[in-house]
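The residues making up each chain are set out below.
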Amino acid sequence: MERREEEEEERKTTAQTEVEAPERGGDDEEEEEAAERGDDDDEDGDEEEEEKAAERGGDEEEEEEDGDKDAAGMKKAKQKSVRVTSCPDRKCVPGIIYLGHIPPRLRPKHLRNMLSVYGEVGRVFLQPEDGQVRRRKKKSGLRRCDFTEGWVEFRDKRVAKKVASSLHNTPMGSRKRQRFSSDLWCIKYLHRFQWTHLSERLAYEQTVLQQRLRTEVSQAKRETNFYLNNVDKSAHLDKLRRKRQRDGQQVDDRTWDFTQRQTEEEIQMKKKKRKDTVSQKHLDKARLIQQKSQSNVSLLAKIFNSSQQE
């Protein structure tokens, strides 16, 4: 029995070894195929990596070229920015031009639009007309306010100088149908003139005008007070005169003691009379001198004649 069991076990082990052998063979084949596939994959991966490296190299070269171009452009931009930034710090000083003639209906906005073509315009000031002229216009029916002169500030004084030299004594409009085409520019560049000078001048003129108005008002008040006082005095004197006339007292009519101012004709007549009197005096003196000289000549002639006879 034991032998049979041993034989059966040997058979089983042999059968198991036979079954495992083909399985191992299949595994070896699969391993070989996988190895071949791995080699093919490695070759394909190497080729792909080489292509990617070449592409990367080309991209890097293009990026380097673009970087060089960008660097050159940045350098130029920096140089331009340095020039632009250095200009306002060093040389961009504002300049002011003076306009001696402002045509009717011209307003600051029109002037700004006309001059902003040549450069950046800052502040604009136009001097309005006098109050008396405005009152006359209002009486005649015109309500608009015109201007007599003006000042315009440019951000750069070089632009202001060029504008003043090129536009002076030229027509304001380039075409006949444009507004103000029949008027000429009257421009002058103001050297070393600042906007503060203009504001100070305007403030000074305003204070002078106010002071003049105050003095005129005070003078008018003085004259009215003097007139009212004289009216009261005359009324009081009239009352006294009437009272004296009622009482039967003698009333003395006062006469005004004053000297009339000489007219221009009287002054000229006096001057002529003085000149005539002076000239007459000179003539009298000349005659006296002539008479004396004649008397002296006769004496000298007598003396010399007597000496010759001797």
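About the criteria used
- Every chain is numbered independently, its residues counted from 1 as its sequence is written.
- Where totals are concerned, whole chains, interfaces and linings use all residues; where local detail is concerned, this predicted model gives features only for residues with pLDDT of at least 70, and gives and counts side-chain atom pairs only at 80 or more.
- Side-chain figures throughout are based on the complete set of non-hydrogen atoms in the structure, without hydrogens or water.
- Helix and strand assignments follow DSSP, with helices taken as H or I runs no shorter than four residues and strands as E runs no shorter than two, numbered in order from the N terminus.
- In what follows, a contact means two residues having at least one pair of non-hydrogen atoms within 4.5 Å.
- The accessible surface values rely on the Shrake-Rupley method and a 1.4 Å probe; as for residues, cover is taken only from the protein chains in view.
- When a carboxyl oxygen of Asp or Glu is within 4 Å of a side-chain nitrogen of Lys or Arg, the pair counts as a salt bridge.
- Exposed residues in this analysis have more than 50% of their type's maximum accessible area, buried residues have under 20%, and partly exposed residues fall in between, with area computed by a 1.4 Å probe over protein chains only.
- Each Phe, Tyr or Trp ring (for Trp, its six-membered ring) is paired with any other whose centre lies within 6.5 Å, and the angle between the two planes then decides the class: stacked below 30 degrees, edge-to-face above 60, tilted in between.
- By the criterion applied in these results, polar contacts are pairs of N or O atoms within 3.5 Å in which, for protein atoms, one can donate a hydrogen and the other can accept it, and in which residues neighboring in sequence qualify only through two side-chain atoms.
- Patch construction takes residues with relative accessible area above 30% that form no salt bridge. Like charges are linked within 9 Å, and nonpolar side chains (Val, Leu, Ile, Met, Phe, Trp, Tyr) are linked within 5 Å.
- Counted as positive: Lys and Arg. Counted as negative: Asp and Glu. His and the chain ends are not counted at all.
- Taken as the charge centre is NZ of Lys, CZ of Arg, CG of Asp or CD of Glu, depending on the residue.
- Each residue gets a pLDDT score, which is the predictor's confidence in that residue and runs from 0 to 100.

## A short note on the overall build of the protein
Item 1. The number of helices and strands found in the protein is six helices and four strands.
Item 2. Element order for the protein, N to C, with α for helix and β for strand: α-β-α-β-α-β-α-β-α-α.
Item 3. Across the protein, every contact between residues at least 6 apart in sequence was considered, and the portion connecting residues at least 24 apart equals 69%.
Item 4. Here the protein has roughly 27,500 Å² of accessible surface; of this, 49% comes from carbon and sulfur atoms.

## Notes on the pattern of salt bridges
Item 1. Within the structure shown, the criterion is met by nine salt bridges.
Item 2. Across the salt bridge formed by Glu153 and Arg123, the nearest N and O atoms sit 2.9 Å from each other. Here Glu153 is found in strand 3 (residues 147-154), whereas its partner Arg123 is found in strand 2 (residues 121-128), with 30 residues between them in sequence.
Item 3. A residue is classified by how much of its surface remains accessible, and Glu153, at 5% relative accessible area, is buried.
Item 4. Across the salt bridge formed by Asp284 and Arg287, the nearest N and O atoms sit 4.0 Å from each other.

## Describing the packing of aromatic side chains
Item 1. According to the stated counting rule, one finds two aromatic pairs in the structure shown.
Item 2. Ring geometry for Tyr98 and Trp151: centres 5.5 Å apart, planes at 55 degrees, overall tilted. With a gap of 53 residues between them, Tyr98 in strand 1 (residues 95-99) and Trp151 in strand 3 connect regions that are remote in the sequence.
Item 3. Residue classification places Tyr98 among the partly exposed positions, given a relative accessible area of 22%.
Item 4. Accessibility expressed as a relative area gives 11% for Trp151, which makes it buried.
Item 5. An aromatic cluster is defined as three or more aromatic residues linked by ring pairs; in this entry it consists of Tyr98, Phe125 and Trp151.

## Thoughts on the side chain of Glu129
Item 1. By the secondary structure assignment, Glu129 is in the loop between strand 2 and helix 3 (131-140).
Item 2. Of the polar contacts made by the side chain of Glu129, one reaches the side chain of Lys137; its length is 3.1 Å.
Item 3. Setting aside its immediate chain neighbours within four residues, Glu129 contacts Arg134, Lys137, Asp146, Phe147 and Thr148.

## Some remarks on a negative patch on the surface
Item 1. A grouping of Glu7, Glu8, Glu9 and Glu10 is seen on the molecular surface, where their side chains present a negatively charged patch.
Item 2. Residue placement: Glu9 occurs in helix 1 (residues 2-90).
Item 3. Taking relative accessible area as the criterion, Glu9 reaches 52% and is therefore assigned exposed.

## Examining the confidence of the model for the protein
Low pLDDT marks stretches whose predicted atomic positions should not be read closely.
Item 1. Averaged over the protein, the pLDDT score is 75; the fraction of residues at 70 or greater is 67%.
Item 2. Every residue in residues 19-27 scores below 50 in pLDDT, and together they form zero contacts with partners more than four places removed in sequence or on other chains.
Item 3. Considering only residues more than four positions removed or in separate chains, one finds that residues 77-89, a stretch of pLDDT under 50, has three contacts.

## Thoughts on the environment of Ile102
Item 1. Tracing the sequence through the fold places Ile102 in the loop between strand 1 and helix 2 (108-115).
Item 2. When the C-alpha atoms of Ile102 and Phe147 are compared, they prove to be 6.0 Å apart, with 45 residues separating the residues in sequence.
Item 3. Ile102 has contacts with Leu126, Phe147, Thr148, Glu149 and Gly150, leaving out every residue within four places of it along the chain.

## Things to note about unusual backbone geometry
Item 1. Look at Arg105: it is not a glycine, yet its phi comes out positive at around 70 degrees.
Item 2. The topology assignment puts Arg105 in the loop between strand 1 and helix 2.
Item 3. In this structure Arg105 comes out as partly exposed when scored by relative accessible area, which is 49%.
Item 4. Of note, Asn169 is a non-glycine position whose phi angle comes to about 65 degrees, a positive value.
Item 5. Examined against the element boundaries, Asn169 turns out to sit in the loop between helix 4 (157-167) and strand 4 (187-190).
Item 6. For Asn169, a relative accessible area of 53% corresponds to the exposed category.

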